[in-house]
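# Results of the structural survey
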Amino acid sequence: MFSKSKINEPGPKQAEATPTAAPAAAAPAAPKSDYTPSPPKAKPPASLLSSDLHITGNLKTSGDIQVEGTVEGDIRAHLLTVGETATIKGEVVADDVVVNGRVVGRVRGLKVRLTATARVEGDIIHKTIAIESGAHFEGSVQRQDDPLTPGGKKAAPAAAPAAAPAPSAAVKAATAAAKAEG
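Residues numbered from 1 in each chain as written. Predicted model: local features only at pLDDT ≥ 70, side-chain atom pairs only at ≥ 80, totals over all residues. Heavy atoms only, no water.

Right, let's talk about the side chain of Glu68 for a bit. Position of Glu68 relative to the elements: it lies in the loop between strand E4 (64-67) and strand E5 (70-72). Arg113 is the oppositely charged side chain nearest to the buried, salt-bridge-free Glu68, at an N-O distance of 13 Å. At a separation of 2.8 Å, a polar atom in the side chain of Glu68 contacts the side chain of Gln66. Beyond its immediate sequence surroundings of up to four residues, Glu68 is in contact with Leu48, Leu49, Ser50, Ser51, Gly83, Glu84, Thr85 and Ala86. (Helix = DSSP H or I, 4+ residues; strand = E, 2+ residues; numbered from the N terminus. Buried < 20%, exposed > 50% of the residue type's maximum accessible area, 1.4 Å probe, protein only. Lys, Arg positive; Asp, Glu negative; His and termini not counted. Salt bridge = Lys/Arg side-chain N within 4 Å of Asp/Glu carboxyl O. Polar contact = N/O pair within 3.5 Å; in protein donor to acceptor, adjacent residues only side chain to side chain. Contact = heavy atoms within 4.5 Å.)

Here it is in structure tokens:
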């Protein structure tokens with residue numbers, strides 16, 4: 001029906017037949033073809049901290065980190081993978097945390113996974129957690145809707161203490177009135 005040679009060769013019949021329709025149809029197609037061939041930017045690979053590396057200080061990134069060495073300090077990342085040979089002494093905050101090695105300190109994550117080789121000494125605050133058989137864990141586990149923020153949303157108990165003082169005051173007033181009468 002259409003051939004490549006007719007599209008590429010502007011003829012007077014095409015231009016005269018649809019003078020406004022042909023350029024309008026061609027104009028939107030050109031910018032789209034400029035953007036569609038380029039593939040989306042690939043996500044950069046995780047930063048790898050090798051087993052012979054010892055870091056003293058905090059690490060913060062919006063990307064991924066894989067730790068195989070030792071870190072003495074807090075780590076904040078999108079995805080943190082603690083290798084089997086790794087030791088982290090400090091707080092860990094990440095969307096996804098996979099612990100294969102040792103962490104001494106608090107772990108905060110939306111998804112926290114302790115593998116069979118994991119050793120965690122500290123509290124875990126999470127939205128979802130998975131602990132494989134064989135993992136060593138000493139501390140408490142607490143679920144929060146938003147574990148990444150230090151104040152994080154807890155369940156309903158936060159609202160209950162605010163309402164508690166009012167009945168307590170009413171009970172004290174009633175008790176005092178009863179004693180005054182008696």
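This paragraph deals with the side chain of Thr115. Assignment of secondary structure puts Thr115 in the loop between strand E10 (107-114) and strand E11 (119-121). Given the relative accessible area of 6%, Thr115 is considered buried. Those residues within four positions of Thr115 in sequence are excluded, and the remaining contacts are Val98, Val99, Asn100, Glu132 and Ala135.

The next subject is the pairing of strand E6 (residues 75-82). In this structure, strand E3 (residues 59-60) lies alongside E6, joined through 2 bridges in parallel fashion. Along E6, the bridge assignment pairs Leu59 with Ile75. In this structure, E4 lies alongside E6, joined through 4 bridges in parallel fashion. Each residue of the ladder has a partner; that of Ile65, found in E6, is Leu80. Bridge count for E6 against strand E8 (residues 92-99) is 7 bridges, and the pairing is parallel. Note that in E8 the partner of Ile75 across the bridge is Val92. (Pairing = 2+ DSSP bridges.)

Our next topic: the sheet that holds strand E2 (residues 54-56). Here we have 6 strands laid out as an open sheet, ordered E2-E5-E7-E9-E11-E13, and parallel in their pairing. Edge strands, defined here as strands with exactly one partner in the open sheet, are E2 and strand E13 (136-138). Here the strands of the sheet are splayed against their neighbours by 5 degrees on average, with no regard to which way each runs. Alignment of strand E9 (residues 102-104) against E11, held across 3 bridges, turns out to be parallel. For Val103, the partnering residue across the bridge sits in E11 and is Val120. (Axes fitted to C-alpha atoms, helices over the stretch in contact; angles between N-to-C directions.)

Using the criterion set out here, one finds 6 salt bridges in the structure. Where Glu132 meets Arg113, a salt bridge forms, and the shortest distance between an N and an O atom there is 3.1 Å. One end of the pair, Glu132, is in the loop between strand E12 (124-131) and E13; the other, Arg113, is in strand E10, and 19 residues separate them in sequence. A relative accessible area of 37% places Arg113 in the partly exposed class.

Limitation: the analysis is restricted to geometry and does not speak to function.
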